[in-house]
Amino acid sequence: MASNVPAPDGIEIQEPPSPGAWGEWNPTEDSVRPVRGKHRVARQGGGLARSSTVLGVGIIAAVGAGGIATAQDRPQVPISIPSFTGPSDDDTGPDTGAESGTGARTGILAQQADAPDAGEILRTRILQQAEHQTEAADSQTRAEAARAAQEAAAAEAKAGREAAEKAAAEARAAAEKAAAEAAAAKAEEERIAKAAGNYSLPTSSYTITSYYGASGAMWSSGHHTGLDFAAPTGTPVKAVAGGKIISAGWSGAYGYRIVLQLPDGTEIWYCHLSSMSVTSGQVGAGDTIGRVGATGNVTGPHLHLEVRKGGSATDPLAWLRSKGLTP
């Protein structure tokens, strides 16, 4: 049999239906899920804890879509929702008032409002990571640019060194070539001077009138076989080098002729002489062996000089120059 229990906080609780209609329901610790938060629980043996949270759970369980609790075929039972705007008359503990529950909820909402948004945190982290990656890429780019600049500077320095070394090598080669040319020129001068010391021009105060190889009817062979030094009759004729006189006398178209044989077998012919000073024996370079004349087949006084090697005539001018003499 149901008993009338005073309604807490102005809630009107009607007499519950008989047990036979719904069946007996005895909640236990295992069947009732604990409600989170500050609330009052039912005491053993009677009495209903006046906790706003428990009442809320009960109301939610009882209220349907239209705010009316229904159970099978039982008539609808109206339930009024308590007001939590102020403290209850018999709430005496620090944790038993609606105000306490409202304050707790307000504090939680404030904490939730103050808590940073997870998406914003993720966005901030992504931006930070992107910024770090950008800085790392920039640092790498700067390092690569600096390395490239160093390599370019090293390559330029190497090219400069190579160019300087090449220029130095070319300068050394040019100096060596110049030195070699100077040495060769000096050797040639020494050779010419030495040759000039051992050789002498055949006469002085002369004019070259006919060269070797000239053609004309005046020569029996059809071309000139010697070198003509035109000079006044009686001009001294000298031995061009030291040697031995092997022939001296009249020789037809050559007039008076002296043949001087040099140590290497070369023969020097002195032709058209007016007189002969030495006709045999050894003579030295520059010794007077005769005088210019116009004997034989001539048109005027001159010395006809021939140079023969192995019995064949050769150019006297080239031979004299090879000995350092310049007629």
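Rules of the game
- Residues numbered from 1 in each chain as written.
- Predicted model: local features only at pLDDT ≥ 70, side-chain atom pairs only at ≥ 80, totals over all residues.
- Heavy atoms only, no water.
- Helix = DSSP H or I, 4+ residues; strand = E, 2+ residues; numbered from the N terminus.
- Buried < 20%, exposed > 50% of the residue type's maximum accessible area, 1.4 Å probe, protein only.
- Contact = heavy atoms within 4.5 Å.
- Areas by Shrake-Rupley, 256 points an atom, 1.4 Å probe, with all protein chains shown as cover.
- Pairing = 2+ DSSP bridges.
- pLDDT = per-residue confidence, 0-100.
- Salt bridge = Lys/Arg side-chain N within 4 Å of Asp/Glu carboxyl O.
- Phe/Tyr/Trp six-rings, centres within 6.5 Å; stacked < 30°, edge-to-face > 60°.
- Lys NZ or Arg CZ within 6 Å of the ring centre and 35° of its normal.

- The protein carries the name M23 family peptidase in an unreviewed UniProt entry, which gives Streptomyces globosus as its organism.

Overview of the overall build of the protein
Reasoning step 1: Scanning the protein for helices and strands turns up five helices and ten strands.
Reasoning step 2: Counting across all 327 residues of the protein, residues that qualify as buried make up 21%.
Reasoning step 3: Here the contacts in the protein between residues at least 6 apart in sequence split such that 57% fall between residues at least 24 apart.
Reasoning step 4: Accessible surface, the protein as shown: approximately 21,700 Å² in total, 54% of it carbon and sulfur.

Focus on the pairing of strand β6 (residues 267–276)
Reasoning step 1: As paired strands, strand β5 (residues 256–261) and β6 are joined by five bridges and run antiparallel to one another. Looking across to β6, one finds that Val259 is bridged to Trp269.
Reasoning step 2: The pairing of β6 with strand β9 (residues 302–309) spans five bridges and is classified as antiparallel. Looking at β9, one finds that Trp269 is bridged to Glu306.
Reasoning step 3: Pairing of β6 with strand β8 (residues 288–292), which is carried by three bridges, proceeds in the antiparallel orientation. When the bridges of β8 are listed, Ser275 appears paired with Arg291.

Brief notes about the confidence of the model for the protein
Reasoning step 1: With 59% of its residues at a pLDDT of 70 or more, the protein shows a mean pLDDT of 76.
Reasoning step 2: Here residues 44–52 scores under 50 on pLDDT; set against residues more than four positions off or in separate chains, the count is 14 contacts.
Reasoning step 3: Below pLDDT 50 for its whole length, residues 88–93 participates in ten contacts with residues either more than four positions away or in separate chains.

Observations regarding the pairing of strand β2 (residues 227–230)
Reasoning step 1: Looking at chain direction, strand β1 (residues 207–210) and β2 are connected through three bridges and run antiparallel. Within β2, the residue paired with Thr207 across the bridge is Ala230.

Re the pattern of salt bridges
Reasoning step 1: With the rule as written, the count across this model stands at two salt bridges.
Reasoning step 2: Where Arg123 meets Glu120, a salt bridge forms, and the shortest distance between an N and an O atom there is 3.4 Å. In this pair, Arg123 and Glu120 both sit in helix α4 (residues 118–198), three residues apart, roughly one turn of the helix.
Reasoning step 3: The exposure class assigned to Arg123 is partly exposed, which follows from its relative accessible area of 48%.
Reasoning step 4: Glu306 is the salt-bridge partner of Arg308, the closest N and O atoms lying 3.0 Å from each other.

Some points on unusual backbone geometry
Reasoning step 1: Unusually for a residue other than glycine, Ser205 sits at a positive phi of about 55 degrees.
Reasoning step 2: Here Ser205 is to be found in the loop between α4 and β1.
Reasoning step 3: Overall, the relative accessible area of 63% leaves Ser205 in the exposed class.

Section: the packing of aromatic side chains
Reasoning step 1: The final tally for this structure, using the stated rule, is four aromatic pairs.
Reasoning step 2: The interplanar angle of 80 degrees and the centroid separation of 5.0 Å between the aromatic rings of Trp250 and Tyr256 together place this pair among those described as edge-to-face.
Reasoning step 3: Note on Trp250: relative accessible area 54%, which makes it exposed.
Reasoning step 4: Look at Tyr254 and Trp269: their rings are 5.7 Å apart centre to centre, the planes differ by 90 degrees, and that puts the pair in the edge-to-face class. Here the residue Tyr254 occupies a position in the loop between β4 (243–250) and β5, and Trp269 occupies one in strand β6, the gap between them amounting to 15 residues.
Reasoning step 5: Sitting above the plane of the Trp269 ring, Arg257 keeps its charged end 4.5 Å from the centroid.
Reasoning step 6: Seen from the ring of Trp269, Arg308 lies directly overhead, with NZ or CZ sitting 4.2 Å from the centre.

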